[in-house]
Amino acid sequence: MDVLTFLVLILGLAYSLYIYSRSGKQADTVRIPPGPKPLPLIGNIFDLTAKELWVKATSLAQTYGPVFQLSILHPSLPISQPLIFLSSPEVCFDLLDKKGGIYADKPKLVMAGELCGYVQRVYTIKSSTTHPSLYRCDNMVAFTGYGSQSRRQRKLLGMALSKEKIPAYQGLIERETAGFLTGLLSAHSSSASSSTVSLPSKSTLPSRFLAYIPLIRRYAGQLTLSVIYGYTVPTSYTQNVHDKFLDMAEDCLDILSNGIASGGGIWLVDIFPWLKKAPKSFEFLPLFSFLPKSRAWKAKMIEFVEKPFEWVKAEMQKGTHKPSFCSTLLENPDAVVPSAETNRFKKRQSDISPELLSSWASVSSNAVKPTSSNAKGYAQFEFDLKWTANSMYSASGDTTVTTVMHYFLALLQDADSGSEVVRKARMELDLVTGLADDSPSTIKPRLPSLSDRYIDVDVPDGKGGTRRVKKPRFPYVEAVMSEVWRWGVVVPLNLPHRLTQDDVYTPPPSPSNPHPTPVLLRKGSLIFGNIWSILRSHELFGDDVDDFRPERYLLSTHEDNVLYGSHNHSYDEDEYEMIRRERRKRDPRSYVFGFGRRQCPGQNLVESSVWLLTATLLSTVDVRRPCVEGEDGKERVVRENVNFNNSVFRTPDPFGVDIRPRSEKALEVIMLAGESEEAESL
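Remember, it's a predicted structure, so these values are computed and weren't measured experimentally. (Residues numbered from 1 in each chain as written. Predicted model: local features only at pLDDT ≥ 70, side-chain atom pairs only at ≥ 80, totals over all residues. Heavy atoms only, no water.)

*Asks:* Just to check I follow, could you spell out the overall build of the chain for this structure?
*Replies:* Looking only at helices and strands, the chain has 24 helices and 16 strands in total. Looking at the 682 residues of the chain, the share that counts as buried comes to 53%. For the chain, long-range pairs separated by at least 24 residues make up 72% of all intrachain contacts whose partners lie at least 6 apart in sequence. (Helix = DSSP H or I, 4+ residues; strand = E, 2+ residues; numbered from the N terminus. Buried < 20%, exposed > 50% of the residue type's maximum accessible area, 1.4 Å probe, protein only. Contact = heavy atoms within 4.5 Å.)

*Asks:* Which parts of the structure should I look at to understand the UniProt feature "binding site: heme" (unreviewed entry) in the chain?
*Replies:* Within the UniProt annotation, "binding site: heme" (unreviewed entry) is assigned to Cys600. With respect to the helices and strands, cysteine 600 occurs in the loop between helix H22 (589-592) and helix H23 (603-620). Take cysteine 600: its relative accessible area is 18%, and that puts it in the buried class. (UniProt positions renumbered as here; feature names shortened; annotations may be inferred.)

*Asks:* Just checking my understanding: could you explain the pairing of strand S2 (residues 81-86) for this structure?
*Replies:* Regular strands place their side chains on alternate faces of the sheet. Counting buried residues in S2 gives six out of six residues, a clear majority hidden from the surface. Side-chain alternation along S2 places Gln81, Leu83 and Phe85 on one buried face and Pro82, Ile84 and Leu86 on a second face that is also buried. By the bridge criterion, six bridges tie strand S1 (residues 67-72) to S2 in an arrangement that is antiparallel. Note that in S2 the partner of phenylalanine 68 across the bridge is phenylalanine 85. Across four bridges, the pairing between S2 and strand S12 (residues 526-529) is parallel. Residue pairing for S12: isoleucine 84 is matched across the bridge by isoleucine 527. (Pairing = 2+ DSSP bridges.)

*Asks:* In this structure, what is going on with the nonpolar core? I would like to understand it.
*Replies:* Side chains that are nonpolar tend, in soluble globular proteins, to be buried together. Tyr212 and Phe408 are the most contacted members of the largest nonpolar core, which has 145 residues in total. Top contributing element to this core by residue count: helix H15 (residues 375-416), with 14 residues. If we skip the residues at most four places from it in the chain, tyrosine 212 touches Phe180, Leu184, Met405, Phe408, Phe655, Val657 and Ile659. Membership of the second largest hydrophobic core comes to 17 residues, among which are Leu109, Ile260, Val269 and Phe290. (Core = buried A, V, L, I, M, F, W, Y, C linked by side-chain atoms within 4.5 Å.)

*Asks:* What exactly am I supposed to notice about a nonpolar patch on the surface here?
*Replies:* Where nonpolar side chains cluster on the molecular surface, the patch consists of Leu39, Ile42, Ile45 and Phe46 and spans about 360 Å² of accessible area. Among the structural elements, isoleucine 42 can be located in the loop between helix H1 (3-29) and helix H2 (53-64). Of the residues examined, isoleucine 42 reaches a relative accessible area of 32% and is grouped as partly exposed. (Patch = residues over 30% accessible without salt bridge, like charges linked within 9 Å, V, L, I, M, F, W, Y side chains within 5 Å. Areas by Shrake-Rupley, 256 points an atom, 1.4 Å probe, with all protein chains shown as cover. Salt bridge = Lys/Arg side-chain N within 4 Å of Asp/Glu carboxyl O.)

*Asks:* Any chance you could explain the pattern of salt bridges here in plain terms?
*Replies:* Pairs can form between side chains of opposite charge whenever their charged atoms are close. A full pass over the atoms with the stated rule returns 38 salt bridges. Across the pair lysine 424 and glutamate 551 runs a salt bridge, and its minimum N-O distance is 2.8 Å. Of this pair, lysine 424 sits in helix H16 (residues 420-433) while glutamate 551 sits in the loop between helix H19 (538-541) and helix H20 (557-564); the two residues are 127 residues apart in sequence, bridging distant segments of the chain. Residue classification places lysine 424 among the partly exposed positions, given a relative accessible area of 28%. With a closest N to O distance of 4.0 Å, lysine 585 and glutamate 582 form a salt bridge. Of this pair, lysine 585 and glutamate 582 both sit in helix H21 (residues 573-586), three residues apart, which is roughly one turn of that helix. The exposure class of glutamate 582 is partly exposed, given its relative accessible area of 41%. One connected set of salt bridges, linked through shared partners, spans Arg453, Glu478, Asp587, Arg589 and Glu607.

*Asks:* Mind showing me how you'd approach a negative patch on the surface here?
*Replies:* Negative charge collects at one region of the surface, where Asp572, Glu573, Asp574 and Glu577 lie side by side. Position of glutamate 577 relative to the elements: it lies in helix H21. Its relative accessible area of 33% is what places glutamate 577 among the partly exposed residues. (Lys, Arg positive; Asp, Glu negative; His and termini not counted. Charge placed at Lys NZ, Arg CZ, Asp CG, Glu CD.)

*Asks:* Help me understand the environment of glutamate 420, please; the structure alone is not making it clear to me.
*Replies:* Relative to the elements of secondary structure, glutamate 420 occurs in helix H16. For glutamate 420, the side chain forms a polar contact with the side chain of arginine 423, separated by 2.5 Å. (Polar contact = N/O pair within 3.5 Å; in protein donor to acceptor, adjacent residues only side chain to side chain.)

*Asks:* Help me understand the sheet that holds strand S9 (residues 497-498) in this model?
*Replies:* Strands belonging to one sheet form pairs held by backbone hydrogen bonds; the direction of such a pair is parallel or antiparallel. The sheet built from four strands is open, its strands ordered S1-S2-S12-S9 with mixed pairing. Every interior strand has two partners, whereas the edge strands, S1 and S9, have only one. One ladder, built from two bridges, connects S9 with S12; its direction is antiparallel. Across the sheet, arginine 498 pairs through a bridge with leucine 526, a residue of S12. Packing against the sheet, H2 makes contact with S1 and S2, and its axis sits at approximately 125° to S1. Along the sheet, helix H3 (residues 89-97) makes contact with S1, S2, S9 and S12, crossing S2 at roughly 130°. (Axes fitted to C-alpha atoms, helices over the stretch in contact; angles between N-to-C directions.)

If you want it as structure tokens, here you go:
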């Protein structure tokens, strides 16, 4: 460290001491949320943990209540950064949902944005000049500040991923699910699967017990790439190959989850932006080690944003593209959706319904895409589309992977206790799929379909008439999926929101604070919803919160009558709304996909694909712990201690699973569906 830098640090420390000494008395008069006492100058730095911060935050909430504050640097310092943790449904709904307008912003993070590629140069074209001016803006949806750009991006996302659009992807989701199942069984039976893989615990397992992990990642990746770019991996699930775009995506998701967003996503350079200007000669120091990391991460991120988008444009120029979200919004709508008669004779067909493609084309031509004469507007449109498309992948990939891994963890526990969960689920599913040994011959054996999920029922509307609602056909299967999300807590701590103005809030009473008083939440505070604390709440879920028990999500007879009853049941609107409110508090979907105006845009696609995967796996395969031959020649059951080292998603470290078809009938159905999937992908 040179003399000049040393003097700058000394002057900064002296200034902080001066401000701290001047503002100590004022701090006592400001009512901020409770929390552990901050240390002089450095605040609550030692109360923050890089691993499983949500566990530490839950422990602190039990002491300080559902709204508490930590501070990076002492809160009396003007440059301090308040971190507010919300640990109950009421406070999350009150602040992040009801006051979403002031809680929907995202922090201006130097590391995640400017240094790592979430802030990118954009070219503005000015009339006849060929010299572009440069400006910067936050790009990826999860990090974009609340404003005109986020609204443009979410408008684009709604066109592809709103609840009403998901039925258009039914064929695509079912095709990928069939391919995933075929790949699972192929990997398990392959002669090459006798090789072993080392696990973090230093034990070894035959690779067939870990083959599900790359297959889940391929499933989540290929499904989203097909929707966004029209890209299909040119090999079936039974072939273990690397793919350029899937590999790019995996690298970038890992960088985001375990690099950029580790420890809550707040880096020292976000608090002291001047650190980014350190010369390269300082980068060997731990204080500045973030600089070479950021350059490497930024190169990866930009590659994944640019390459798939350029691939789509190149395929469009050659006329070999499949209609997709990007291509439909980029090209002439009259050329996007050929007539049904024309499509009959073309091998290249879309995996997405013509109706949805038509709606994209219509909106693109009339509302979203500027005319070619508006060069500046078109450049902005293409830039928004490029980054929005990339965000769609990031929004769904890790959530799907983590959910399916927790499903397998839950089923291993169920197998240990007699497979009661699987038995109850199959009692529902077998009535439709015909996969039970004693299923009537009139039911043709098949895999579950997305169209099986709901039935339409007419319920009283409170005005003497009726309204049609969708009722789950398989309530126990729905309960299994909900319990996987609750028990697994796939996203235990949401990415922070930023408060755009001072807010005064009175928290609800809690055991640690039965008589709460109003607290001041400072403008600029980073707000974290502690999803782990909510979904592991004894108050909401009882003393068995650590147990996997889907029954907690089944409706009572009375609740079923109120929500889905006929005219024979008297309609009470107040009771109806009360049951809906209570179920919303307990529903993991209210939390794992984020809050308010920053909910995950991929929620509907993730939920539909995860439901079909859950129903299909329950219907067709048995899940057990691996058995390996011991040194004495006898088989032994492998029981592993599973660890969680992802900083954003609660993704388990790899663990072994023995997955086999439940019966010959199930195997035949899987292989038949797999053959159809391979034929469609050609």
